[in-house]
Amino acid sequence: MGADDKLKEYKEKRDFSKTPEPEGGERESGDEPIFVIQKHDASKLHYDFRLEVDGVLKSWAVPKGPSLDPSVKRLAIPTEDHALEYADFEGVIPEGEYGAGTVMVWDIGTYRNILQEKSDDNATMVETLEKGKVEVELNGNKLQGGFVLIRTGNSEDSRWLLIKMDDKHADGDADIVQEKPKSSKSGKTLEEIEKDG
Ligand code: MN
C-alpha cells in the first residue's frame, strides 16, 4: 500500500481549501525515521504522538501527553495515519473543520526501532505495530530514550499505552509537559501560535 492509499482517511476528513494542514506528498524521508509530538488544543487538549513508518506518520492521541516516569502508563488512542509533512505543521485549524484548534510542534526528532535490535526476528516497525508492541528510542529536543507502546486488546481500534522505559532518561519526579510547555519549532506558546494565526 502506497502512502497515498494510507492517507485516504486523512484526506477524507479534511477540506484543504479551508484548513492550513498539509495535503501530503512533499516531505522526503531522511536517513533516520522521524517522530513528532504535537500539542493540540482541540475540544480537549491532547498530545498527538506520531512515528514515521513507511512514508506516513502512524498516530496516537495521548490525552495527558508523555511522562518520564516508568511507572506511569499514558493512554494512547490510535488515530488515522497522517501525511509525513504534518510533522512540520504548526498553526490553527479553523473552527468547524476536523480537529479545529491550535496545533504546536511540541517535540520533534528521530527514533530507532530498538525492539528490532533486541529481537532475533528482526521485526520491522510494520511488524511490531501489527503485533501491538513497539519499542523506540527517541532522540528529540525534549524527549530522549526508550518508550514502549503496548496495545491493550486485539482489535484495530484497541487502545494503547505509552510508557517510558526505565533508562538513564527516566525521571519519576519530572512533569515534562508542564515544565516544557512551548513549541520545539518556534519557541511559541499555544496562545502565541493562536494569536499569530
Ligand atoms: Mn489531535
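Below you will find a few notes about this structure. (Residues numbered from 1 in each chain as written. Predicted model: local features only at pLDDT ≥ 70, side-chain atom pairs only at ≥ 80, totals over all residues. Heavy atoms only, no water.)

This part covers the packing of aromatic side chains. Considering all chains together, one arrives at seven aromatic pairs under this definition. Between Y47 and W106 the ring centres are 5.8 Å apart and the planes differ by 80 degrees, which places this aromatic pair in the edge-to-face class. Of this pair, Y47 sits in strand β2 (residues 45-53) while W106 sits in strand β6 (residues 101-113); the two residues are 59 residues apart in sequence, bridging distant segments of the chain. We note that Y47, like W106, is buried. Connected via pairs of aromatic rings, a cluster forms that spans Y10, F16, Y86 and F89. Over the aromatic face of F147 sits the side chain of K164, whose NZ or CZ is 5.1 Å from the ring centroid. (Phe/Tyr/Trp six-rings, centres within 6.5 Å; stacked < 30°, edge-to-face > 60°. Helix = DSSP H or I, 4+ residues; strand = E, 2+ residues; numbered from the N terminus. Buried < 20%, exposed > 50% of the residue type's maximum accessible area, 1.4 Å probe, protein only. Lys NZ or Arg CZ within 6 Å of the ring centre and 35° of its normal.)

Let us look at the coordination of the manganese ion. Distances from the manganese ion to its protein donors, H40 (ND1), H46 (NE2) and D48 (OD), fall within 2.1 to 2.3 Å. When the donor residues of the manganese ion are listed from N- to C-terminus, their spacing reads H-x5-H-x1-D. The exposure class assigned to H40 is buried, which follows from its relative accessible area of 7%. The buried category is assigned to D48, whose relative accessible area is 5%. (Donors = N, O, S within 2.8 Å, 3.2 Å for Na, K, Ca; no water.)

Applying the stated criterion across every chain yields a total of 14 salt bridges. A salt bridge links E12 to K8, with the shortest nitrogen-to-oxygen separation between them at 3.2 Å. Here the residue E12 and the residue K8 both occupy positions in helix α2 (residues 8-12), the gap between them amounting to four residues, near one helical turn. For the pair formed by E12 and K8, the shared burial category is exposed. The shortest N-O distance in the salt bridge between D81 and K58 comes to 3.0 Å. One end of the pair, D81, is in strand β4 (residues 73-83); the other, K58, is in strand β3 (residues 56-62), and 23 residues separate them in sequence. Judged by relative accessible area, which is 13%, D81 ranks as buried. A single network of salt bridges, built from pairs that share partners, joins R14, E21 and E80. (Salt bridge = Lys/Arg side-chain N within 4 Å of Asp/Glu carboxyl O.)

What the largest pocket holds in volume is close to 750 Å³. K58, P78, T79, D81 and E156 are, among the 24 residues lining the largest pocket, the residues nearest its centre. Those elements giving two or more residues to the lining of the largest pocket turn out to be α1 (3-6), β3, β4 and α4 (125-131). Among the elements that make up the lining of the largest pocket, the one with the highest residue count is β4 (five residues). Here the lining of the largest pocket is built from residues that sort into nine nonpolar, three polar and twelve charged. In this structure, the second largest pocket spans a volume of roughly 230 Å³. Taken together, 17 residues make up the lining of the second largest pocket; nearest its centre are H40, H46, D48, Y98 and G99. Those elements giving two or more residues to the lining of the second largest pocket turn out to be β1 (34-41), β2 and β4. Among the residues forming the lining of the second largest pocket, the class breakdown is six nonpolar, six polar and five charged. (1 Å grid on protein atoms, 1.4 Å probe; cavity = no way out; pocket = protein on both sides within 12 Å on 5 of 7 lines; lining within 4 Å. Points joined across faces, edges and corners; volume = space filled by probe spheres on them. Nonpolar A, V, L, I, M, F, W, Y, C, P; charged D, E, K, R; others polar.)

The next point concerns unusual backbone geometry. The residue D54 is not glycine, and still its phi comes out positive at about 50 degrees. Tracing the backbone shows D54 in the loop between β2 and β3.

Take the environment of R151 next. Structurally, R151 can be placed in strand β8 (residues 144-151). Taking C-alpha positions, R151 is 9.2 Å from L162, a pair spaced eleven residues apart along the chain. Setting aside residues up to four positions removed in sequence, R151 forms contacts with L129, E130, K131, G132, S158, R159 and W160. Looking at R151, its side chain comes within polar contact range of the main-chain oxygen of E130, at 2.9 Å. A distance of 3.1 Å separates a polar side-chain atom of R151 from the backbone oxygen of G153. (Contact = heavy atoms within 4.5 Å. Polar contact = N/O pair within 3.5 Å; in protein donor to acceptor, adjacent residues only side chain to side chain.)

Distances and angles like these do not, on their own, reveal function.
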